[in-house]
Protein chains: 2
Amino acid sequence: MGNLYIGLIHYPVLNQRGEVATAALTGLDLHDIARAAKTYGVERYFVVTPVPAQQGIAARIRRYWLETKAGHNRGEALELVEIVGSYEASLRSIERREGERPLVIGTSARRLDRPQIGYEALRRQLESSPQPVYILFGTGWGLAKPLLERLDYLLPPLLGPGEWNHLSVRAAAAIILDRLRGK
Amino acid sequence: MGNLYIGLIHYPVLNQRGEVATAALTGLDLHDIARAAKTYGVERYFVVTPVPAQQGIAARIRRYWLETKAGHNRGEALELVEIVGSYEASLRSIERREGERPLVIGTSARRLDRPQIGYEALRRQLESSPQPVYILFGTGWGLAKPLLERLDYLLPPLLGPGEWNHLSVRAAAAIILDRLRGK
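Described in the following lines is the structure provided in the data block. No experiment lies behind these values; they were computed from the predicted model shown. (Residues numbered from 1 in each chain as written. Chains lettered and ligands numbered in written order. Predicted model: local features only at pLDDT ≥ 70, side-chain atom pairs only at ≥ 80, totals over all residues. Heavy atoms only, no water.)

1. What about the sheet that holds strand β1 (residues 4–9) of chain A?
Residues and elements named next belong to chain A. As a reminder, the rule being used: Only strands joined by at least two bridges in the DSSP assignment are considered to pair. For helices the rule is a DSSP run of H or I covering at least 4 residues; for strands it is a run of E covering at least 2, with both sets numbered from the N terminus onward. Contact between two residues is taken to exist if any of their heavy atoms lie within 4.5 Å; hydrogens are not considered. Lines fitted to the C-alpha atoms define the axes, with helices restricted to the stretch that makes contact. Angles between their N-to-C directions range from 0 to 180 degrees.
Read across the open sheet, the six strands follow the order β5-β4-β1-β7-β6-β8; overall the sheet is parallel. Lying at the two open borders of the sheet, with one neighbouring strand each, are β5 (81–84) and β8 (153–154). Here helix α5 (residues 119–128) sits on the sheet in contact with β1, β6 (103–106) and β7 (133–138), set at roughly 140° to β7.

What follows is the structure in C-alpha coordinates.
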(Lines give C-alpha, C1' and ligand atoms only; values in the text may rest on other atoms or scores of the structure.)
Protein backbone atom coordinates (compact mmCIF):
# COMPACT_ATOMS: atom_id res chain seq x y z
CA MET A 1 0.00 0.00 0.00
CA GLY A 2 1.37 3.42 -1.00
CA ASN A 3 1.43 6.32 1.43
CA LEU A 4 -0.93 9.18 0.64
CA TYR A 5 0.03 12.87 0.79
CA ILE A 6 -2.11 15.92 0.03
CA GLY A 7 -1.25 19.54 -0.68
CA LEU A 8 -3.44 22.64 -0.52
CA ILE A 9 -1.96 25.05 -3.06
CA HIS A 10 -2.31 28.83 -2.58
CA TYR A 11 0.18 29.61 -5.38
CA PRO A 12 0.22 29.24 -8.38
CA VAL A 13 -3.58 29.23 -8.67
CA LEU A 14 -6.06 31.09 -10.88
CA ASN A 15 -8.04 34.10 -9.74
CA GLN A 16 -11.57 35.01 -10.84
CA ARG A 17 -10.23 36.55 -14.07
CA GLY A 18 -8.17 33.47 -14.98
CA GLU A 19 -4.83 35.08 -14.08
CA VAL A 20 -2.07 33.33 -12.09
CA ALA A 21 -2.34 34.56 -8.50
CA THR A 22 -1.71 33.83 -4.82
CA ALA A 23 -4.86 32.98 -2.83
CA ALA A 24 -5.26 33.91 0.82
CA LEU A 25 -5.23 31.26 3.51
CA THR A 26 -8.63 30.26 4.97
CA GLY A 27 -8.45 29.10 8.58
CA LEU A 28 -11.16 26.50 8.17
CA ASP A 29 -9.29 24.89 5.24
CA LEU A 30 -6.61 23.97 7.76
CA HIS A 31 -9.03 22.41 10.22
CA ASP A 32 -11.49 20.71 7.88
CA ILE A 33 -8.94 19.24 5.51
CA ALA A 34 -6.66 18.13 8.38
CA ARG A 35 -9.62 16.31 9.98
CA ALA A 36 -10.44 14.60 6.66
CA ALA A 37 -6.74 13.76 6.17
CA LYS A 38 -6.54 12.17 9.62
CA THR A 39 -9.78 10.22 9.04
CA TYR A 40 -8.56 8.81 5.72
CA GLY A 41 -5.02 7.92 6.81
CA VAL A 42 -3.11 10.66 4.98
CA GLU A 43 0.61 10.77 5.88
CA ARG A 44 1.14 14.53 5.60
CA TYR A 45 -1.02 17.53 4.65
CA PHE A 46 1.05 20.30 3.04
CA VAL A 47 -0.24 23.85 3.25
CA VAL A 48 1.59 25.57 0.40
CA THR A 49 1.85 29.36 0.44
CA PRO A 50 4.82 31.61 -0.46
CA VAL A 51 3.56 34.45 1.79
CA PRO A 52 5.49 34.51 5.11
CA ALA A 53 2.66 36.27 7.01
CA GLN A 54 0.20 33.59 5.90
CA GLN A 55 2.64 30.84 6.84
CA GLY A 56 2.77 32.49 10.26
CA ILE A 57 -1.02 32.39 10.62
CA ALA A 58 -1.11 28.71 9.68
CA ALA A 59 1.71 27.92 12.12
CA ARG A 60 -0.08 29.81 14.92
CA ILE A 61 -3.33 27.90 14.39
CA ARG A 62 -1.43 24.60 14.35
CA ARG A 63 0.56 25.48 17.50
CA TYR A 64 -2.53 26.67 19.39
CA TRP A 65 -4.29 23.32 19.00
CA LEU A 66 -1.18 21.19 19.48
CA GLU A 67 0.19 23.03 22.51
CA THR A 68 -2.33 25.31 24.24
CA LYS A 69 -5.20 22.85 23.72
CA ALA A 70 -3.12 19.65 23.87
CA GLY A 71 -5.16 16.44 23.82
CA HIS A 72 -8.03 17.85 21.76
CA ASN A 73 -8.77 15.86 18.60
CA ARG A 74 -8.22 18.98 16.48
CA GLY A 75 -4.56 18.80 17.50
CA GLU A 76 -4.34 15.15 16.46
CA ALA A 77 -5.48 16.23 13.00
CA LEU A 78 -3.42 19.44 12.72
CA GLU A 79 -0.30 17.44 13.61
CA LEU A 80 -0.40 16.25 9.98
CA VAL A 81 -0.02 19.84 8.69
CA GLU A 82 3.34 20.89 7.25
CA ILE A 83 3.60 24.50 6.12
CA VAL A 84 5.86 25.05 3.11
CA GLY A 85 6.64 27.90 0.73
CA SER A 86 6.31 26.09 -2.58
CA TYR A 87 5.15 22.97 -4.36
CA GLU A 88 8.82 22.05 -4.89
CA ALA A 89 9.47 22.20 -1.13
CA SER A 90 6.54 19.86 -0.46
CA LEU A 91 7.81 17.44 -3.12
CA ARG A 92 11.29 17.45 -1.54
CA SER A 93 9.78 16.72 1.86
CA ILE A 94 7.94 13.68 0.46
CA GLU A 95 11.09 12.46 -1.33
CA ARG A 96 13.09 12.76 1.91
CA ARG A 97 10.52 10.66 3.79
CA GLU A 98 9.89 8.10 1.07
CA GLY A 99 13.19 7.88 -0.81
CA GLU A 100 11.33 8.15 -4.10
CA ARG A 101 9.24 10.54 -6.13
CA PRO A 102 5.49 10.25 -5.54
CA LEU A 103 2.92 9.94 -8.28
CA VAL A 104 1.60 13.54 -8.53
CA ILE A 105 -2.15 13.85 -9.07
CA GLY A 106 -4.10 17.03 -9.73
CA THR A 107 -7.74 17.86 -9.09
CA SER A 108 -10.01 20.28 -10.94
CA ALA A 109 -13.68 21.20 -11.02
CA ARG A 110 -13.39 21.57 -14.80
CA ARG A 111 -12.45 19.13 -17.54
CA LEU A 112 -8.90 19.93 -18.61
CA ASP A 113 -6.78 18.53 -21.41
CA ARG A 114 -4.36 16.54 -19.23
CA PRO A 115 -3.78 12.76 -18.82
CA GLN A 116 -6.62 11.44 -16.66
CA ILE A 117 -6.84 8.75 -13.98
CA GLY A 118 -10.18 7.55 -12.62
CA TYR A 119 -11.02 7.33 -8.90
CA GLU A 120 -11.29 3.54 -8.97
CA ALA A 121 -7.99 3.18 -10.82
CA LEU A 122 -6.19 5.46 -8.35
CA ARG A 123 -7.73 3.62 -5.42
CA ARG A 124 -6.46 0.29 -6.79
CA GLN A 125 -3.03 1.80 -7.47
CA LEU A 126 -2.81 3.02 -3.86
CA GLU A 127 -3.82 -0.40 -2.55
CA SER A 128 -1.54 -2.45 -4.79
CA SER A 129 1.62 -0.38 -5.32
CA PRO A 130 4.11 0.88 -2.72
CA GLN A 131 4.67 4.13 -4.67
CA PRO A 132 3.52 7.15 -2.64
CA VAL A 133 0.76 9.34 -4.12
CA TYR A 134 0.60 13.13 -3.74
CA ILE A 135 -2.74 14.83 -4.49
CA LEU A 136 -2.91 18.59 -5.13
CA PHE A 137 -5.95 20.75 -4.38
CA GLY A 138 -6.09 24.29 -5.72
CA THR A 139 -7.61 27.20 -3.78
CA GLY A 140 -8.98 30.27 -5.60
CA TRP A 141 -10.22 29.27 -9.06
CA GLY A 142 -8.03 26.15 -9.25
CA LEU A 143 -4.47 25.02 -10.03
CA ALA A 144 -2.65 27.21 -12.58
CA LYS A 145 -0.79 26.01 -15.66
CA PRO A 146 2.77 25.89 -14.21
CA LEU A 147 1.50 23.25 -11.76
CA LEU A 148 -0.82 21.45 -14.18
CA GLU A 149 2.26 20.77 -16.32
CA ARG A 150 3.96 19.00 -13.39
CA LEU A 151 1.17 16.46 -12.87
CA ASP A 152 1.35 12.79 -13.76
CA TYR A 153 -2.44 12.59 -13.90
CA LEU A 154 -5.57 14.60 -13.26
CA LEU A 155 -8.66 13.25 -11.47
CA PRO A 156 -11.94 13.99 -13.26
CA PRO A 157 -14.28 16.67 -11.83
CA LEU A 158 -16.61 15.60 -9.02
CA LEU A 159 -20.16 15.49 -10.30
CA GLY A 160 -23.61 14.67 -9.03
CA PRO A 161 -26.64 14.15 -11.27
CA GLY A 162 -26.05 17.46 -13.14
CA GLU A 163 -23.20 19.66 -14.37
CA TRP A 164 -23.23 22.25 -11.51
CA ASN A 165 -20.26 21.46 -9.24
CA HIS A 166 -19.09 24.57 -7.39
CA LEU A 167 -17.96 22.71 -4.27
CA SER A 168 -15.71 24.30 -1.65
CA VAL A 169 -12.15 22.96 -1.71
CA ARG A 170 -12.84 21.61 1.80
CA ALA A 171 -15.78 19.56 0.54
CA ALA A 172 -13.96 18.42 -2.61
CA ALA A 173 -10.92 17.24 -0.61
CA ALA A 174 -13.12 15.30 1.82
CA ILE A 175 -15.08 13.61 -0.99
CA ILE A 176 -11.94 12.68 -2.93
CA LEU A 177 -10.27 11.17 0.15
CA ASP A 178 -13.44 9.17 0.82
CA ARG A 179 -13.48 7.90 -2.78
CA LEU A 180 -9.85 6.80 -2.48
CA ARG A 181 -9.72 5.49 1.07
CA GLY A 182 -13.29 5.28 2.41
CA LYS A 183 -14.41 1.99 3.93
CA MET B 1 -36.41 8.51 -8.24
CA GLY B 2 -37.19 10.02 -4.83
CA ASN B 3 -36.43 13.65 -4.04
CA LEU B 4 -33.65 14.25 -1.54
CA TYR B 5 -33.86 16.73 1.36
CA ILE B 6 -31.26 17.52 4.00
CA GLY B 7 -31.45 19.28 7.36
CA LEU B 8 -28.70 20.80 9.48
CA ILE B 9 -29.91 20.53 13.06
CA HIS B 10 -28.79 23.07 15.70
CA TYR B 11 -31.33 21.81 18.26
CA PRO B 12 -31.73 19.28 19.81
CA VAL B 13 -28.04 18.29 19.63
CA LEU B 14 -25.49 17.16 22.19
CA ASN B 15 -22.86 19.46 23.66
CA GLN B 16 -19.35 18.44 24.70
CA ARG B 17 -20.65 17.07 28.03
CA GLY B 18 -23.35 14.96 26.36
CA GLU B 19 -26.21 17.26 27.40
CA VAL B 20 -29.06 18.33 25.09
CA ALA B 21 -28.21 21.81 23.81
CA THR B 22 -28.62 24.39 21.05
CA ALA B 23 -25.52 24.84 18.85
CA ALA B 24 -24.60 28.18 17.30
CA LEU B 25 -24.89 28.72 13.58
CA THR B 26 -21.63 28.60 11.56
CA GLY B 27 -21.71 30.79 8.45
CA LEU B 28 -19.59 28.39 6.42
CA ASP B 29 -22.01 25.52 7.14
CA LEU B 30 -24.57 27.47 5.13
CA HIS B 31 -22.27 28.01 2.15
CA ASP B 32 -20.42 24.69 2.01
CA ILE B 33 -23.42 22.45 2.58
CA ALA B 34 -25.58 24.49 0.16
CA ARG B 35 -22.89 24.10 -2.52
CA ALA B 36 -22.73 20.33 -1.91
CA ALA B 37 -26.56 20.16 -1.91
CA LYS B 38 -26.74 21.96 -5.26
CA THR B 39 -24.02 19.72 -6.74
CA TYR B 40 -25.79 16.54 -5.69
CA GLY B 41 -29.31 17.55 -6.71
CA VAL B 42 -30.82 18.10 -3.25
CA GLU B 43 -34.34 19.60 -3.36
CA ARG B 44 -34.16 21.69 -0.19
CA TYR B 45 -31.55 22.30 2.54
CA PHE B 46 -33.19 23.08 5.89
CA VAL B 47 -31.22 25.09 8.42
CA VAL B 48 -32.95 24.23 11.69
CA THR B 49 -32.47 26.55 14.66
CA PRO B 50 -35.00 27.75 17.23
CA VAL B 51 -33.01 30.94 17.96
CA PRO B 52 -34.57 33.96 16.17
CA ALA B 53 -31.29 35.94 16.10
CA GLN B 54 -29.51 33.00 14.45
CA GLN B 55 -32.35 32.58 11.96
CA GLY B 56 -31.83 36.27 11.16
CA ILE B 57 -28.10 35.77 10.50
CA ALA B 58 -28.81 32.83 8.18
CA ALA B 59 -31.50 34.83 6.34
CA ARG B 60 -29.13 37.79 5.95
CA ILE B 61 -26.36 35.61 4.44
CA ARG B 62 -28.86 34.01 2.06
CA ARG B 63 -30.34 37.38 1.02
CA TYR B 64 -26.91 38.95 0.48
CA TRP B 65 -25.89 36.33 -2.08
CA LEU B 66 -29.29 36.06 -3.74
CA GLU B 67 -29.99 39.79 -4.04
CA THR B 68 -26.92 42.00 -3.56
CA LYS B 69 -24.65 39.57 -5.44
CA ALA B 70 -27.30 38.21 -7.83
CA GLY B 71 -25.95 35.86 -10.52
CA HIS B 72 -23.04 34.54 -8.42
CA ASN B 73 -23.00 30.73 -8.11
CA ARG B 74 -23.15 31.04 -4.31
CA GLY B 75 -26.65 32.44 -4.73
CA GLU B 76 -27.65 29.50 -6.93
CA ALA B 77 -26.67 27.23 -4.06
CA LEU B 78 -28.09 29.29 -1.17
CA GLU B 79 -31.43 29.41 -2.98
CA LEU B 80 -31.91 25.84 -1.68
CA VAL B 81 -31.69 27.02 1.95
CA GLU B 82 -34.90 27.16 3.98
CA ILE B 83 -34.57 28.47 7.53
CA VAL B 84 -36.97 26.87 10.02
CA GLY B 85 -37.41 26.84 13.79
CA SER B 86 -37.73 23.12 14.37
CA TYR B 87 -37.37 19.65 12.90
CA GLU B 88 -41.18 19.41 12.87
CA ALA B 89 -41.44 22.57 10.74
CA SER B 90 -38.97 21.14 8.21
CA LEU B 91 -40.93 17.88 8.05
CA ARG B 92 -44.20 19.79 7.44
CA SER B 93 -42.53 21.74 4.63
CA ILE B 94 -41.47 18.49 2.93
CA GLU B 95 -44.92 16.98 3.39
CA ARG B 96 -46.52 20.07 1.83
CA ARG B 97 -44.25 19.81 -1.24
CA GLU B 98 -44.39 16.04 -1.62
CA GLY B 99 -47.83 15.10 -0.35
CA GLU B 100 -46.27 12.30 1.71
CA ARG B 101 -43.97 11.72 4.63
CA PRO B 102 -40.29 11.30 3.70
CA LEU B 103 -38.11 8.46 4.91
CA VAL B 104 -36.16 10.14 7.75
CA ILE B 105 -32.48 9.17 7.96
CA GLY B 106 -30.03 10.17 10.67
CA THR B 107 -26.25 10.44 10.59
CA SER B 108 -23.74 9.98 13.39
CA ALA B 109 -19.98 9.74 13.82
CA ARG B 110 -20.56 7.05 16.45
CA ARG B 111 -22.21 3.66 16.31
CA LEU B 112 -25.64 3.97 17.93
CA ASP B 113 -28.24 1.37 18.75
CA ARG B 114 -30.79 2.38 16.09
CA PRO B 115 -32.05 0.58 12.94
CA GLN B 116 -29.32 0.94 10.28
CA ILE B 117 -29.37 1.39 6.53
CA GLY B 118 -26.20 1.12 4.44
CA TYR B 119 -25.07 3.74 1.90
CA GLU B 120 -25.55 1.39 -1.06
CA ALA B 121 -29.01 0.37 0.12
CA LEU B 122 -30.10 3.99 0.57
CA ARG B 123 -28.67 4.92 -2.84
CA ARG B 124 -30.68 2.13 -4.46
CA GLN B 125 -33.82 3.14 -2.53
CA LEU B 126 -33.46 6.74 -3.79
CA GLU B 127 -33.00 5.54 -7.36
CA SER B 128 -35.83 3.01 -7.37
CA SER B 129 -38.57 4.42 -5.12
CA PRO B 130 -40.50 7.69 -5.49
CA GLN B 131 -40.59 8.20 -1.69
CA PRO B 132 -38.68 11.35 -0.69
CA VAL B 133 -35.73 10.96 1.68
CA TYR B 134 -34.79 13.46 4.40
CA ILE B 135 -31.28 13.22 5.87
CA LEU B 136 -30.45 14.91 9.18
CA PHE B 137 -26.99 16.18 10.13
CA GLY B 138 -26.28 17.19 13.70
CA THR B 139 -24.06 20.13 14.63
CA GLY B 140 -22.29 20.27 18.01
CA TRP B 141 -21.61 16.72 19.25
CA GLY B 142 -24.37 15.16 17.12
CA LEU B 143 -28.14 14.57 17.07
CA ALA B 144 -29.72 14.21 20.52
CA LYS B 145 -32.06 11.45 21.66
CA PRO B 146 -35.42 13.22 21.01
CA LEU B 147 -34.47 13.33 17.33
CA LEU B 148 -32.79 9.92 17.18
CA GLU B 149 -36.13 8.44 18.24
CA ARG B 150 -37.88 10.00 15.25
CA LEU B 151 -35.58 8.38 12.65
CA ASP B 152 -36.56 5.55 10.35
CA TYR B 153 -32.91 4.58 9.90
CA LEU B 154 -29.40 5.66 10.81
CA LEU B 155 -26.48 5.67 8.34
CA PRO B 156 -23.30 4.07 9.71
CA PRO B 157 -20.35 6.31 10.71
CA LEU B 158 -18.02 7.44 7.92
CA LEU B 159 -14.70 5.67 8.28
CA GLY B 160 -11.36 5.50 6.53
CA PRO B 161 -8.72 2.86 7.22
CA GLY B 162 -8.85 3.47 11.02
CA GLU B 163 -11.31 4.36 13.76
CA TRP B 164 -10.52 8.12 14.03
CA ASN B 165 -13.35 10.02 12.29
CA HIS B 166 -13.72 13.52 13.70
CA LEU B 167 -14.88 15.09 10.44
CA SER B 168 -16.51 18.51 10.30
CA VAL B 169 -20.25 18.37 9.62
CA ARG B 170 -19.49 20.20 6.35
CA ALA B 171 -17.15 17.42 5.22
CA ALA B 172 -19.45 14.63 6.43
CA ALA B 173 -22.46 16.10 4.59
CA ALA B 174 -20.43 16.43 1.36
CA ILE B 175 -19.14 12.84 1.57
CA ILE B 176 -22.57 11.38 2.35
CA LEU B 177 -24.18 13.24 -0.57
CA ASP B 178 -21.42 11.95 -2.85
CA ARG B 179 -21.96 8.38 -1.64
CA LEU B 180 -25.72 8.66 -2.33
CA ARG B 181 -25.76 10.71 -5.52
CA GLY B 182 -22.18 10.94 -6.87
CA LYS B 183 -21.58 9.98 -10.48
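Now that the structure is up, let's keep going.
2. Digging into the sheet that holds strand β6 (residues 103–106) of chain B
All names here are of chain B. Judged by pairing direction, the sheet is parallel, and its six strands sit side by side in the order β5-β4-β1-β7-β6-β8 without closing on themselves. Of all strands in the sheet, those with a lone pairing partner are β5 (81–84) and β8 (153–154), marking the two edges. Alignment of strand β4 (residues 44–48) against β5, held across four bridges, turns out to be parallel. Each bridged residue has a counterpart across the sheet, and for Y45 the counterpart in β5 is V81. The strands touched by helix α5 (residues 119–128) are β1 (4–9), β6 and β7 (133–138); relative to β7, the strand with the most contacts, the crossing angle is about 140°. Helix α7 (residues 169–181) rests against β1 and β7 of the sheet, and its axis sits at about 155° to β7.

3. Side note on the relation of the copies chain A and chain B
The condition that has to hold: Residues below a pLDDT of 70 in either copy are left out; the C-alpha atoms of the rest, at least 70 in both, set the least-squares superposition of the copies.
Superposing chain A onto chain B takes a rotation of 180° plus a shift of 0.0 Å along the axis, which leaves an RMSD of 0.0 Å. Both copies of the chain, as the preceding transformation shows, are related through a two-fold rotation axis.

4. What about the interface of chain A and chain B?
Note the cut-off: Note on definitions: buried area is the accessible-area loss of two parts on being combined, 1.4 Å probe, summed for both. We define a salt bridge as a side-chain nitrogen of Lys or Arg found within 4 Å of a carboxyl oxygen belonging to Asp or Glu. Note that Gly is not counted as nonpolar here; it falls among the polar residues with everything else outside the nonpolar set of Ala, Val, Leu, Ile, Met, Phe, Trp, Tyr, Cys and Pro and the charged set of Asp, Glu, Lys and Arg.
Listed as interface residues are 30 residues of chain A and, on the opposing side, 30 residues of chain B. For the pair chain A and chain B, the summed buried area comes to about 2900 Å², and 55% of that belongs to carbon and sulfur atoms. The largest share of the area that chain A buries against chain B comes from A:T39, A:W164 and A:K183, three residues that together contribute 24% of it. Counting every contact that joins chain A to chain B gives four salt bridges. Between B:D32 and A:R170 there is a salt bridge whose closest N-O contact spans 2.7 Å. Residue contributions to the side of chain A that touches chain B peak at seven residues, all from helix α7 (residues 169–181) of chain A. For the side of chain A that touches chain B, the residue count by class is twelve nonpolar, eight polar and ten charged.

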